[in-house]
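Reading the structure
Single-letter residue listing:
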Amino acid sequence: MSERENDGSLTTPPGRHDPSDEGRGTAAARPAAGAPGAARPGIVYLVGAGPGDPGLFTQRGAELLATADVVLHDELVHPALLDGVREGAEVRSVGKRGGDRVVKDAKQAEIDAELVALGLAGRSVVRLKGGDPFLFGRGSEEAEALARAGVPFEVVPGVCSPLGATAYAGISLTHRNIASSVMIVSGVTRAGKGFDWSELASVRGTICVLMGMQALDTVVAGLTGPGRRDPATPAAAIQWGTRADQRVVTSRLDELPLRAREAGLQSPAVIVVGAVTRLRDALRWFDQKPLFGKRVLVTRPRHQARSTSRLIRLRGGEAVELATIEIHPPPDPARVTEAVRGLSGYDAVVFTSENGVACFFREMERLGLDARAFGSARLAAIGAGTAAALAARGVRADIVPGEFRGEELAQALLADPALAERLAARPEVRVLLPRALVAREVLPERLRAAGCEVDVVPVYETRPASTERREELLRSLSAGAIDVVLLTSSSTVDSLCDLLGEGAAARLDRVLLASIGPITTATAEKRGLRIGVTAEVSTTAGLLDALDRYFAAQQATPASAGE
């Protein structure tokens, strides 16, 4: 495995390692059970997951999700939210999709009973519900069941779909010159009967209809009949609002069922009726992002893919996480232990990947050591992501090259004033290089040529992904479920091609291949791949910036209603 040109984006500037930074970073920021604000035993938390985009999840919800014993979630909750569940927690889907009211009511009764039983058993429980628990989410029914049984509960509101979906579609529900009120109704009642649309006859503001797509013709007939809406009233249907696969149809109210069918819109969707829907042409922003709707393959291991996936979602795309390699312990763990115990004897410690940082610090933690163990050693990181991984553990890199590759890192180390002074003062400078079992040799070779004593210590081993992972990737490529593949290092290229086997180049020729830098591009071309985008700045953010520019250049005129 070659050194990564980059593993992410820099969150802490280079400098001396600083123990005061201890506790920063995603993993460290997760609250421990029993900490202030953590989920408490015997309490059920009804938590709103928001409309779809995991970025809209509340801070309180994340705090509870990270500390609860049990998480029962709806089917439509974005999978990325479940990454925040603490290790060892019980996680189950209790979704109730489908149109059979009797079956759904029976399922809800089971959920109510289970929440009561878990609470009485002293478990801390998060009931994770799409949107807001109390807006057509049956959260109030679950709260009533808990109250009757004497089980304490807490309600954590979420961004509801009428607010989230319309905002992401570029539709303002109110506008002082257009609409001063909003009415939110359900397309069906508890008994499965239609809403009494005559209640809306005197309403002059915006109307949002939830759970109405399966009976859209009936909804429109009720609005234009008893609801006394003009058939020409502007209307919209928003499917999968706030997500990368969001789709929006706008038309006259009486034509909305036909337009929705033509576009293939289905549930889950929000129906919006009123003059405010005309604002979409001017206010649409989410589906104007260059990466909107693009399915981007992230091939890094899941624990590393999360930060990249979040950056993709922020740009309107959807990450498809499918690791092409697996991280395994090194063949000789005793060497890692010896290196950690002998840290004080090194002049420099050089990290060439996030995985190397994680594995090395895991051994430090096992031995009860912290940042002080590095002593006077200079710390180097090959790229911004590796430096950020150090910073998250309370250690700041002294040396980060301008270009994230082994050659530049060797040059930066040798040009470091402190190391240069040590080299001039004594015969050898000792350098520790904790890395993958297989990696490029250019870095240790150049340091040795300059008079350094380099100890290369494998702290992890990469192996090809499983056969099941290969089949999953082949299915996704064949089904056209991937638009872009991120190639973040030469090792990514090799592992991807090795996983796909014979015909890899032909299979990948159907998607856009985006490379993080020239070294990765050269490796890809040697493997017969056709690179469509090469980043000018070799960071994950730089690679996504390059993709933004590529798709911005490819965009045609703005899509008309019904995109």
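What comes next concerns the included structure. (Residues numbered from 1 in each chain as written. Predicted model: local features only at pLDDT ≥ 70, side-chain atom pairs only at ≥ 80, totals over all residues. Heavy atoms only, no water.)

With respect to the secondary-structure elements, D370 resides in the loop between α11 (354–366) and β15 (378–381). On a C-alpha basis, the gap between D370 and V395 in space is 9.3 Å, while along the polypeptide they are 25 residues apart. Polar side-chain contacts of D370 include one of 2.7 Å to the side chain of R372. (Helix = DSSP H or I, 4+ residues; strand = E, 2+ residues; numbered from the N terminus. Polar contact = N/O pair within 3.5 Å; in protein donor to acceptor, adjacent residues only side chain to side chain.)

The next thing to look at is the sheet that holds strand β17 (residues 452–464). Pairing is mixed across the open sheet formed by 5 strands, whose spatial order is β13-β17-β16-β14-β15. Looking at strand neighbours, the two that pair on one side only are β13 (325–328) and β15, the edges of this open sheet. Averaged over all pairs of adjacent strands, the angle between their axes in this sheet comes to 25°, without regard to strand direction. Against the sheet, helix α15 (residues 442–449) engages β14 (348–351), β16 (429–436) and β17, with an angle of about 175° to β17. (Pairing = 2+ DSSP bridges. Axes fitted to C-alpha atoms, helices over the stretch in contact; angles between N-to-C directions. Contact = heavy atoms within 4.5 Å.)

Let us look at the nonpolar core. If you look at the biggest cluster of nonpolar residues, it comprises 28 residues, and the most contacted ones within it are F360 and F374. No other element matches the 5 residues that α11 contributes to this core. Excluding residues that lie within four positions of it along the chain, F360 makes contacts with V340, L343, F351, F374, L432, P434 and V459. One finds F195, V203, L256 and A263 within the second-largest nonpolar core, a separate group that totals 23 residues. (Core = buried A, V, L, I, M, F, W, Y, C linked by side-chain atoms within 4.5 Å. Buried < 20%, exposed > 50% of the residue type's maximum accessible area, 1.4 Å probe, protein only.)

Mapped onto the fold, A237 is located in strand β8 (residues 234–239). Note: C-alpha distance between A237 and D545 (308 residues apart in sequence) is 31 Å. Once you skip the residues sitting within four places of it in the chain, A237 turns out to touch M213, R247, V248, V249, L256, L265 and V270.

A few words now on unusual backbone geometry. Here S267 and P268 are connected by a cis peptide whose omega angle stands at 0°. By the secondary structure assignment, P268 is in the loop between α7 (256–263) and β10 (269–273). Although it is not a glycine, R228 sits at a positive phi angle of roughly 60°. Relative to the helices and strands, R228 is located in the loop between α6 (216–224) and β8. What makes R228 exposed here is its relative accessible area of 61%. Phi angles above zero are rare outside glycine, and T242 is one such case at about 80°. Within the element layout of this structure, T242 appears in the loop between β8 and β9 (247–252). Relative accessible area serves as the criterion here: at 2%, T242 is assigned to the buried category.

Here the focus is the packing of helix α13 (residues 406–415) against α15. Interhelical geometry of α13 versus α15 gives an angle of 30° and a closest axis separation of 8 Å. In terms of axis orientation, α13 runs roughly parallel to α15. Crossing hand, α13 versus α15: right-handed. Every residue of α15 that contacts α13 at G406, E407, L409, A410, L413 and L414 is listed here: V442, L443, R446 and L447. (Parallel < 35°, antiparallel > 145°, perpendicular 65-115°, else oblique. Left-handed = near helix turned anticlockwise from the far one by under 90°.)

Quick reminder: α-helices carry 3.6 residues per turn. Residues three or four places apart thus point the same way. Within helix α12 (residues 384–391), 8 of the 8 residues are buried, which leaves it mostly tucked inside the rest of the structure. Among the structural elements, β14, α11 and β15 are those in contact with the buried residues of α12.

We now examine α13. Within α13, the full set of buried residues consists of G406, E407, L409, A410 and L413. For α13, the arc enclosing every buried residue in end-on projection is 165°, short of the 170-degree limit, so these residues lie on one face. Turned more than 90 degrees from where α13 packs its buried face, Q411 and A415 sit exposed. Next to the buried residues of α13 lie β14, β15, α14 (417–425), α15 and α19 (518–526). (Arc of directions from axis to C-beta.)

Okay, the packing of helix α16 (residues 467–478) against helix α17 (residues 490–500) next. Where α16 contacts α17, the two axes come as close as 9 Å, and the packing angle between them is 90°. Relative to α17, the element α16 lies roughly perpendicular. Together, R470, L473, L474 and L477 of α16 and L496, L499 and L500 of α17 make up the contact between the two elements.

Function-wise, these values are silent; they only describe arrangement.
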